[in-house]
Structure formats: structure tokens, C-alpha cells
2 protein chains.
Amino acid sequence: MQLWFSEAQTPHVDFSLKINRVLYSGESEYQRIDVLESKEFGRVLTQNGQITLTEKDEFIYREMMVHVPLAVNPKIKNVLIIGAGDGGFIHDLLEYPGIEHIDLVEYDEKIVEVCKKYLPDISSKLDDERVSIFYEDALRFVRRKEECYDLILVDSIDPFGAGEILFTKEFYGNCYRALSSDGILINQHESPFYSQEALTVQTVHKRIVQTFPIVKIYQAHIPSYPSGHWLFGFASKKLHPTGDFDPKQWLSWGIKTRYYNPRLHLGAFALPTYVEEILKNVE
Amino acid sequence: MQLWFSEAQTPHVDFSLKINRVLYSGESEYQRIDVLESKEFGRVLTQNGQITLTEKDEFIYREMMVHVPLAVNPKIKNVLIIGAGDGGFIHDLLEYPGIEHIDLVEYDEKIVEVCKKYLPDISSKLDDERVSIFYEDALRFVRRKEECYDLILVDSIDPFGAGEILFTKEFYGNCYRALSSDGILINQHESPFYSQEALTVQTVHKRIVQTFPIVKIYQAHIPSYPSGHWLFGFASKKLHPTGDFDPKQWLSWGIKTRYYNPRLHLGAFALPTYVEEILKNVE
């Protein structure tokens, strides 16, 4: 049997994976969730038919969200994760001896439940005693917080649907208030290549630049995401992502990575000219 | 009407583009050639059903092949291009005032003919008086040459078909002999992500490392190529791609680029850990 999953990366571009079988299909209160077993990418988690992660390349996204800020501020203790109910970020964060507590705010409990069952390696640290999970609205959650996190990781999806509030100025303002004086916010920034997503990049970038004094964008190659060219926003109150980067300290931890390394940390902030121009237009 | 072009990037991954119309379909002595008009990527040139270039993202490949070596050795005068009958490299090379002559060796005359007709912007400089086009076997051509080129650009395709000779040790050895003492060879190195292509990366890398004293790999985001993560090999007799890089000289030319810039030049040589490991295994 030929079974193929297709994602419309744009209305005119499809990305399709050959599937062995569908492991899970369900509807939560908020969305449709599927877990597919693919031949090339291993297990694939989709939300409303869009790839959230694949076993083959989720390490790239995860490592670039987690290790970049930890290598800039080695004293990070308290972390807030918004979205990312799969638990991947937690897995990597807990490799650092200094991490004391992680709050995970995920609006959809079903995602956590499905990931625990079908992606056990990625979600294995969700039950760690240093982790608290809150199933609620992230905007409301972060509104109550003041100077209590050293790091906020924003894994927003769906800027035109349920995740829309995570792309507002109010949300980033509340994140700013929730961060300590050394605080860093890392935001998944979408892709600069296709025009619709490039507009999202600009919208998000504009809002973060209006909120944080230091904002720098970096990039990675994520083959299962549209265009494969993905951006991340590093925003902070005072730390600079390359100026305050401490490669020796990071190497001393001996953390094993497959994508991230100190040379790549610096290289990732060197953007193509057309991406610089997209960003400059809204700065 | 719904008309879609699909490329099997691996046996288990399809990349599909919505097509307005097929502008050209033909068979040369060597291959099938098509030019498609796509909604998202503009005109698309395919050889045997694989995307060679698209109007939307060919600038990335072209700029990364041409500007990296020119920014390392600003005295490049004589260039040999193997493949790349579309003329894109020539377009960018002739922006440099020092370029005296370019030899283009393309085994398939039909490619040049089709590109001149259907991709006139990209191929516009093929008739420049500084350009000589040879329709012949590249291995035989380069065998006759000794220390006469400052730069060789190898745009090989199809490592398991007609282009196979461009992946042999003999070929790279002949390139070495054909280069001047400052000579640089730039080789398209395939993608490290899917396993079949990663094997090609290793095979090619091994052969170049055995031939040239300095070999460094760099990368770019090319959305229309499999995985979007593409590698290039910089090989030379004595110039180092970052140590001998001269950003001031390059900026003084005022050449307009959309992907390449001096910061990116350095950043592109910082590879992900898993790519470093693939390369190290054969060094």
C-alpha cells in the first residue's frame, strides 16, 4: 500500500512523506492531532495537518532553542516554556546542572498526553520533579509573573489561529516583565523564504524590537519545516548573544549535541542579505 | 486545472510545485530537459525530473559558488566552469573587474540552448566576449590544462549517472593540475541530511581531501534542493577560505548581492556537529 502525508507549505508547494502507518489520530478541544510513522523522518507529530516535529530532525530545533541562551547566560536557573508540550526543550535544559525549575505552559493537555505515549524519548523528562506543567492560556499565565524567570522559550505555532495571542505586543511586554534583569527570551521566528511567512517574521520581529533593547536573529537548517530555513529571535534586557557568549564555560559542561556547537553559535547569527533586509524594514 | 510537478527527493519524500504551464519539454542526446512555470518558484529548470534551478532561489546557489572564492582571492582572472550551462555563474563573475576569461565546459549543448530561450535573465552573459563555451567531456577537457585557471567552479550533478566522472579522484587531480599556485576549486557538495546524499558528501569530500592541502566545507539554505541544506567544498593549494578572506576588498567593489555578505562568508563555514562528524569520518 502507498500511504502519503502531504503538508501544503504554501498554497503552491507540497511536502509529502511516505507513511508506514498512522499511530494516532484524534481531536482535542483545540485541534486535530496525528502521529504518523514515516519511512524517512521516523515518527511525525502534526497539529491541524502541519508538521510540529519529526524524530529525524527535531534535535535541530530543540538544540537551537535551548543551547544558544544557556551558552550566553550560564547562570540560568528558572525557565518558562510556552508551548512545546512534547517535552524536548525540557530534555535538553535538564542537562545543565544549574537549572532549578521549569514551568511549562501548554494550552492543550492532549498534546502532552499524546507525546508521552507516542514520543517517549522526547517527552521522557516531562515528569521530572523540577518541572511544573500548567494547562492554560499562556498570555494569562505570564501576565501574573514578575522578574521570576531567567529564560523564556516561546514555541508558538499558528500565528493566524489559536496561537495568535503569542504574536501580540502585549504578550511580549508581559514576557519582558516576567524576566529577571539578566533575562533572555527565545522565540521561534518562522521562515523568511515564502512571502506569507516572511510577513509573519516581520510582524513578530517588529513587536519584539519594540519591547526588548537587544534583539538578534539567528537561523538553522530544519528540513521538515517550510523552506528548511528557520529563524529564531534572541531578545534580552542586557545580554548580547555573541558579545556575552561564553564558549569555554559551555564546553566545560561536556553536553553532547548533534547540531549546536560554539562555532555554529557565532555562525548562526550571520544572516543572508535578503533576510537582513526583511528585518531592517521593521526595525 | 491542477497541474503539479513532483520530485522524489528521496524514495520516501516528495517535493511538489503547482505549475501554471510547461514551457518546454525535450530530450537531448543525454537527458530529458523541462522548463516549468511554477506559481511559487517562478520558472523551474529540471534535468531528468530533478530540479536544477528555480528563478526564486537560484541566486543563493550562484552567489555562494562565485562570491566566496572571489572574496578570498581578489586577483582571480581566469575561470573554468564545469556544468552550469544556464550561465548564472558567468553573470556574477563578470561583475568583477579583474575577470579576463571564462571557459565554460558543458556536456549538453541543449541545456545552453534551452536556458538562453527560457531563462534569458540568468543566461544573459553567455554571449559575452570574455566567455568561451566548450561542448565536451569535462574530464577530457581538464586533462589538457596545466596551471592556467585561478578558479574552477564544479557544478556537477547526478553522481550516479552521466555526471559520475566529475566525482572521481582522477577528475579532482586534473583540476589541481589545471589550477595556478593561488588556485581555488569550488565544488557543489550535495546535502548532508538524507542518508543517500550524505554518502555522496563523504565520497566527494574524501577525494578532494586526498587531492588538495586545504579543504573546507561551507553551507547555505537552498529551499528547492533536497532538505534545503546544501554544502559546498572550498579546496585550494594555499589560500584559506576564512584566514585569507578580504572583506574590505570585497566591499570596495560594491557588488550587489541578495544572499552573500562578508559576515555570512564567515558564518557559512561554521557547520552543525553532525555534518562535521560526517566529514571527519573520511578525512
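Residues numbered from 1 in each chain as written. Chains lettered and ligands numbered in written order. Predicted model: local features only at pLDDT ≥ 70, side-chain atom pairs only at ≥ 80, totals over all residues. Heavy atoms only, no water.

### Some thoughts on the sheet that holds strand E8 (residues 131-134) of chain B
All names here are of chain B. Heads up, the rule is: Two strands are counted as paired when DSSP detects at least two bridges linking them. Only runs of H or I of at least four residues qualify as helices and only runs of E of at least two qualify as strands under DSSP, and these elements are numbered from the N terminus. In this analysis, axes come from line fits to C-alpha atoms, helices being fitted only over the stretch in contact, and the angle between any two N-to-C directions falls in the range 0 to 180 degrees.
Spatial strand order, E8-E7-E6-E9-E10-E12-E11: 7 strands in an open sheet with mixed pairing. Of all strands in the sheet, those with a lone pairing partner are E8 and strand E11 (214-221), marking the two edges. Direction aside, neighbouring strands of the sheet carry axes that sit 15° apart on average. Across 5 bridges, the pairing between strand E6 (residues 78-83) and strand E9 (residues 149-155) is parallel.

### Concerning the packing of aromatic side chains
Residue and element names in this part refer to chain A. Inclusion rule: For this analysis, a ring pair means two rings from Phe, Tyr or Trp (six-membered ring only for Trp) whose centres lie within 6.5 Å, classed as stacked if their planes differ by under 30 degrees, edge-to-face if by over 60, and tilted for the remaining angles. With a 1.4 Å probe rolled over the protein chains alone, any residue whose accessible area is under 20% of its type maximum counts as buried; one over 50% counts as exposed, and the rest are partly exposed.
Throughout the structure, instances matching the rule amount to 38 aromatic pairs over all chains. Ring centres of Tyr-61 and Phe-89 lie 5.9 Å apart, and the angle between their planes is 35°; on these two criteria the pair is classed as tilted. Of this pair, Tyr-61 sits in helix H1 (residues 58-72) while Phe-89 sits in helix H2 (residues 88-93), and the two are 28 residues apart along the sequence. Considered together, Tyr-61 and Phe-89 belong to a single accessibility category, that of buried residues.

### Overview of H1(A)
All names here are of chain A. This is how the line gets drawn: An expected span of 1.5 Å times one less than the residue number is assigned to each helix. To get the bend at a residue, fit one axis to the 7 residues ending there and another to the 7 starting there, then take the angle between the axes.
Here H1 spans 22 Å end to end across 15 residues, near enough to the 21 Å set by a 1.5 Å rise per residue. Its axis deflected by about 25° at Met-64, H1 carries its strongest bend there. Within H1, 15 of the 15 residues are buried, which leaves it mostly tucked inside the rest of the structure.

### So, the interface of chain B and chain A
Quick reminder of the rule: Contacts between residues were defined by any pair of non-hydrogen atoms, one from each residue, lying within 4.5 Å. What counts as buried area is the accessible surface, traced by a 1.4 Å probe, that two parts surrender upon association, with contributions from both included. Throughout this description, the term salt bridge denotes a Lys or Arg side-chain nitrogen within 4 Å of a carboxyl oxygen of Asp or Glu. Here a polar contact is recorded for every N or O atom pair within 3.5 Å, except that within protein the pair must consist of a potential hydrogen donor and a potential acceptor, and residues adjacent in sequence are included only if both atoms are side-chain atoms. Ten residues, namely Ala, Val, Leu, Ile, Met, Phe, Trp, Tyr, Cys and Pro, are considered nonpolar, four, namely Asp, Glu, Lys and Arg, are considered charged, and the remaining ones, Gly among them, are considered polar.
Listed as interface residues are 43 residues of chain B and, on the opposing side, 43 residues of chain A. Here chain B packs against chain A, burying approximately 3600 Å² in sum over the two surfaces, 58% of which is carbon and sulfur. When the area that chain B buries against chain A is broken down by residue, the three leading residues are His12(B), Phe193(B) and His221(B), summing to 20%. Our enumeration of links across chain B and chain A arrives at 2 salt bridges. Where chain B touches chain A, the interface holds 22 residue pairs in polar contact (both at pLDDT 80 or more). At the level of elements, strand E1 (4-10), strand E2 (13-27), E11, helix H8 (262-267) and helix H9 (273-280) of chain B are the ones that each hand at least two residues to the side of chain B that touches chain A. Split by residue class, the side of chain B that touches chain A holds 19 nonpolar, 13 polar and 11 charged. In terms of strand pairing, strand E2 (residues 13-27) of chain A meets E2(B) through 5 bridges, oriented antiparallel. Pairing of Ser16(A) across the sheet is with Asp14(B), part of E2(B).

### A short note on the packing of helix H5 (residues 169-178) of chain B against helix H6 (residues 195-211) of chain B
All names here are of chain B. The following threshold applies: Orientation categories follow fixed angle ranges, with anything under 35 degrees roughly parallel, anything over 145 roughly antiparallel, 65 to 115 roughly perpendicular, and all other angles oblique. Helix crossings get a hand from a simple test, with the near helix turned counterclockwise from the far one by less than a right angle marking a left-handed crossing and a clockwise turn marking a right-handed one.
In the contact formed by H5 and H6, the axes pass within 9 Å of each other and the chain directions differ by 40°. By the criterion of interaxial angle, the relationship of H5 to H6 is oblique. Where H5 crosses over H6, the two elements pack in a sense that is right-handed. Seen from H5, the contacting residues are Lys-169, Tyr-172, Gly-173 and Tyr-176; seen from H6, they are Val-204, Arg-207, Ile-208, Gln-210 and Thr-211. Grouping the amino acids of the contact of H5 with H6 by side-chain chemistry returns 4 nonpolar, 3 polar and 2 charged.

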